[in-house]
Amino acid sequence: MSITVRNVSKRFGDFVALDDVSVDIPSGALTALLGPSGGGKSTLLRVIAGLETPDSGTVEIFGADSTHLPPQRRDVGFVFQHYAAFKHMTVARNVAFGLEVRRRPRAEIKRRVQELLELVHLEQFAGRYPAELSGGQRQRMALARALAVEPKVLLLDEPFGALDAQVRKELRAWLRRLHDDVHVTTVFVTHDQEEAMEVADELVVINGGRVEQVGPPGQVYDEPANPFVMTFIGPVTRFGGRLVRPHDLELTAHPEAGAAPATVVRVVRLGFEVRVDVRTHDDDLWVQVTRAEADELGVEAGSRVFVRVPPGGGLAAVAAGG
Amino acid sequence: MAKVALRVVALTYLLFLLVLPVGIVFWHTFQSGIGPVLDALSTPNAVHAIQLTVLVAGGAVVANTVFGVGTALLIVRHRFLGRRLLDALLDLPIAVSPVVVGLALILVYGRATGAGLWLGERGLDVIFAPPGMILATIFVSLPLVVRAVAPVLEEIGTEQEQAAWTLGASTFQTFRRITLPAIRWALVFGVVLTLARGLGEYGAVAVVSGRLVGQTQTATLFVEERFQNFDQPAAYAMAFLLAAMAIVVLLATNLLRPREAA
C-alpha cells in the first residue's frame, strides 16, 4: 500500500468533515475519492498532502509515518481545482518552480521542464503567462508542475471541476493515458461518478465524513454496499420494495412470471435511450429501454404494460432503506 | 445635464481646494526666479531639515513596511482571539489627532517616566530627538501599508502558497517567490502613501521634536518657523520642495505600475 490512512478524524468547528476514516490506497493505481460535495473527500486529500492536520489518526506514505510532516517533506504533488497557477511566472517558470527551490542545476531544470511541457503538450506555450492560457491548458500546466519534482504520490482535488463539459471529457481520457505512461500513484477527488468510473482503477466512496465503500468501479456499481452507494453511483428506481437500476428492468406487453401490471405515465425519448415512467399498484418508477424496444412495444402515455426483473439478469439491487 | 452639473461641481471643488492653493505656492515660490529658491534651500538649517525629514520618513517607511506586511498577513491569514480588536485598533492612528499622539509619546518616553529615564541613562534620548520623531511618524502612518496590502492578500487567497509548499518551498521561499510578487503593487502603493505622510507629518513631530532649529527641525517645521519669522521666500521654497517630492513619488508609482497589474 502506498498510502495508509488510519482512524483519521477532522472537525471544522461543529462540522465533522472526517469521522474515523481508514483507507488504503494501492501503489501505482489511479484511485478516485468519490462523493457528494461537503462529504469530506477533499479534506481527506488535503490531510494526505499535509495541507490539513487531522484531529486524530495517522497517515502513512510508503511506510513512513507522515502525520506530522509538513507538506514540503511528504513527496506529494498536488493539483488544485482552480489551478493555483503562479500568475506572475511564465508557464516554464511555473513548471520549474519545484526544481528551482530544490536548487537543481540549471541545465537539468531546463531539460526537465522541456520534457514535462512535451508530456502535457504545452511546449509552444513555455513563454506565456497563465492568464494567456485556457482553463484546460492551465490545468495541464499545473499537472506538469506537480510532476516535475517526481512525487511519490500525485493528488488531484477536483482537477476538472472548473472546466466545461467538452474539455472535461478530453482531459479525463488524457489523464488516464498519462497515468498509464507515468505510473505514479494517483488519487483524485471528484463528485462526478461518471468521471470516477471512467478514469479510476479503484473507487473510495465517501459521504458524511465516512467511507461507504471501496472497490473497483465495476464492483461498486454491481454490488453497492448500501442504498447511498447504489443511488450515488448510478441511476436507480424503486420496484417491489427494492432499489434497482432502471436498465435492469424489462417492460413486456403481456403478463409474464413475476411481472407487475403498470400504466405508462410518460415517455421521454433521449436519442438512443428511452425513459418510460410507469405506475404500478405499489410504485412510481421508471424503466430505461432502447428505442427499438420502445417502438416494438408501442408505448405511449396511458398504455398498459408489465414490469419485471428479467430472469437470470445480473441485478444490482439493495433493500430500500428509510 | 445632471452629468455636466456633477462634473462642474467636482472640478470646482478640486480647483478651490487642491489646484489653486498648490498652484499659488508654486507661483509664490518662483516669483523672483529660481535663484532665491536654491539659496533658501541651501542654508545649513534648510539642508539639515531636509536630511532629517528624509531620515524620519525613511525610518517610518522601513518600519511600517516590515510591520505592515506582517500585520496584514496576521489579520488576513490567521484566526485568533482578539483579531477583530486588532483590526479595529489599526485605524486608531488615523482617527486620533497627531498632537495627542505626540503628547502620549512624551508621557511614555519622556525623561519624567521610567521608560524614558532608563533609555536616557543608556544614552538613547527618545523625546526631543530623532528616535521620538521616527516613532511619532511610524504611529501616524501605521495603517497605510496594512490597509493597502490586506485586501490583495485576501483576494489572492492561499492556494498559490499551498501549491508552493507541496512543491517543496519553505515558508520564506514561498513568501519571497509567491506572496511578495503578488502583493508588490499594493505594497508599493502603501509605501508611497507612508512616505508622503512621513514627509508631510507636522503635528506629532512638532510635539515630540521640541522644534530645535538645526537639530530637530524637519522640513514641515522649517516651513512653519520661517513663515512665523517673516522669511516667506524660504517658507515657500521648502513648501514647494515638499509638494514636489510628493508629486514626483506619486507620478513615478503611476508610471512604473503596469497597466494591467494583475
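Here the structure is a predicted model, which means the values were calculated and not measured. (Residues numbered from 1 in each chain as written. Chains lettered and ligands numbered in written order. Predicted model: local features only at pLDDT ≥ 70, side-chain atom pairs only at ≥ 80, totals over all residues.)

## What to know about the overall build of chain A
Part 1: Broken down by element type, chain A carries nine helices and 18 strands.
Part 2: Taking the principal axes of the C-alpha coordinates as reference, chain A spans close to 75 × 45 × 35 Å.
Part 3: Here chain A holds 322 residues, and the buried ones make up 40% of them. (Helix = DSSP H or I, 4+ residues; strand = E, 2+ residues; numbered from the N terminus. Buried ≥ 20, exposed ≤ 12 C-beta atoms within 10 Å, placed from the backbone.)

## Overview of the sheet that holds strand β15 (residues 273-280) of chain A
Residue and element names in this part refer to chain A.
Part 1: Overall, antiparallel pairing links the five strands, which are arranged β13-β17-β14-β15-β16 in an open sheet. Across the chains shown, the open sheet's two edge strands, defined by having one partner strand only, are β13 (250-252) and β16 (284-290). Direction aside, the axes of adjacent strands within the sheet are offset by 45° on average.
Part 2: Pairing geometry for strand β14 (residues 260-270) and β15, over eight bridges, is antiparallel. In the strand pairing of β15, R266 is matched with D277. (Pairing = 2+ DSSP bridges. Axes fitted to C-alpha atoms, helices over the stretch in contact; angles between N-to-C directions.)

## Details of the confidence of the model for chain B
Part 1: This prediction gives chain B a mean pLDDT of 90; 98% of its residues lie at or above 70.
Part 2: Of the two predicted TM-score estimates for the complex, the pTM is 0.84 and the ipTM is 0.86. (pLDDT = per-residue confidence, 0-100.)

## Considering the packing of helix α9 (residues 142-156) of chain B against helix α11 (residues 171-200) of chain B
All names here are of chain B.
Part 1: Two numbers describe how α9 lies on α11: the axes approach to 7 Å, and their chain directions differ by 170°. By the criterion of interaxial angle, the relationship of α9 to α11 is roughly antiparallel. Taken as a pair, α9 and α11 cross one another with a handedness that is right-handed. Side by side, α9 and α11 meet where L144, V145, A148, V149, V152, L153 and I156 of the first sit next to A182, I183, A186, L187, F189, G190, V191, L193, T194 and R197 of the second.
Part 2: Of the residues contributing to the contact of α9 with α11, the split by class is 14 nonpolar, two polar and one charged. (Parallel < 35°, antiparallel > 145°, perpendicular 65-115°, else oblique. Left-handed = near helix turned anticlockwise from the far one by under 90°. Contact = placed C-beta atoms within 7 Å. Nonpolar A, V, L, I, M, F, W, Y, C, P; charged D, E, K, R; others polar.)

## Concerning the pairing of β15 of chain A
All names here are of chain A.
Part 1: Linkage of β14 to β15, two consecutive antiparallel strands, is achieved through a turn of two residues, within which G271 is found at a positive phi near 70°.
Part 2: In this structure, β15 lies alongside β16, joined through seven bridges in antiparallel fashion. Bridging from a neighbouring strand, V276 pairs with V287 of β16.
Part 3: Linking two consecutive strands that pair antiparallel, namely β15 and β16, is a turn of three residues.

## A short note on the pairing of strand β6 (residues 76-79) of chain A
Residues and elements named next belong to chain A.
Part 1: In β6, alternate side chains face the same way, and those of V76 and F78 on one face and G77 and V79 on the other are all buried.
Part 2: As judged from the four bridges shared by β6 and strand β7 (residues 153-157), these two strands associate in the parallel manner. Counterpart to V79 in the pairing with β7 is L156.

## Observations concerning unusual backbone geometry
Residue and element names in this part refer to chain A.
Part 1: Although it is not a glycine, N7 adopts a positive phi angle of roughly 50°.
Part 2: Note on N7: 13 C-beta atoms within 10 Å, which makes it partly exposed.
Part 3: We note that E150 has phi near 50°; this positive angle belongs to a residue other than glycine.
Part 4: Structurally, the position occupied by E150 is in the loop between α4 (135-148) and β7.

## Quick notes on the sheet that holds strand β8 (residues 185-190) of chain A
Residue and element names in this part refer to chain A.
Part 1: Read across the open sheet, the six strands follow the order β6-β7-β8-β3-β9-β10; overall the sheet is mixed. Sheet topology places β6 and β10 (210-215) at the edges, where each strand pairs with a single neighbour. For this sheet, the mean angle separating the axes of adjacent strands, direction not counted, is 15°.
Part 2: With five bridges joining them, strand β3 (residues 30-34) and β8 adopt parallel strand pairing. Along β8, the bridge assignment pairs L34 with T190.

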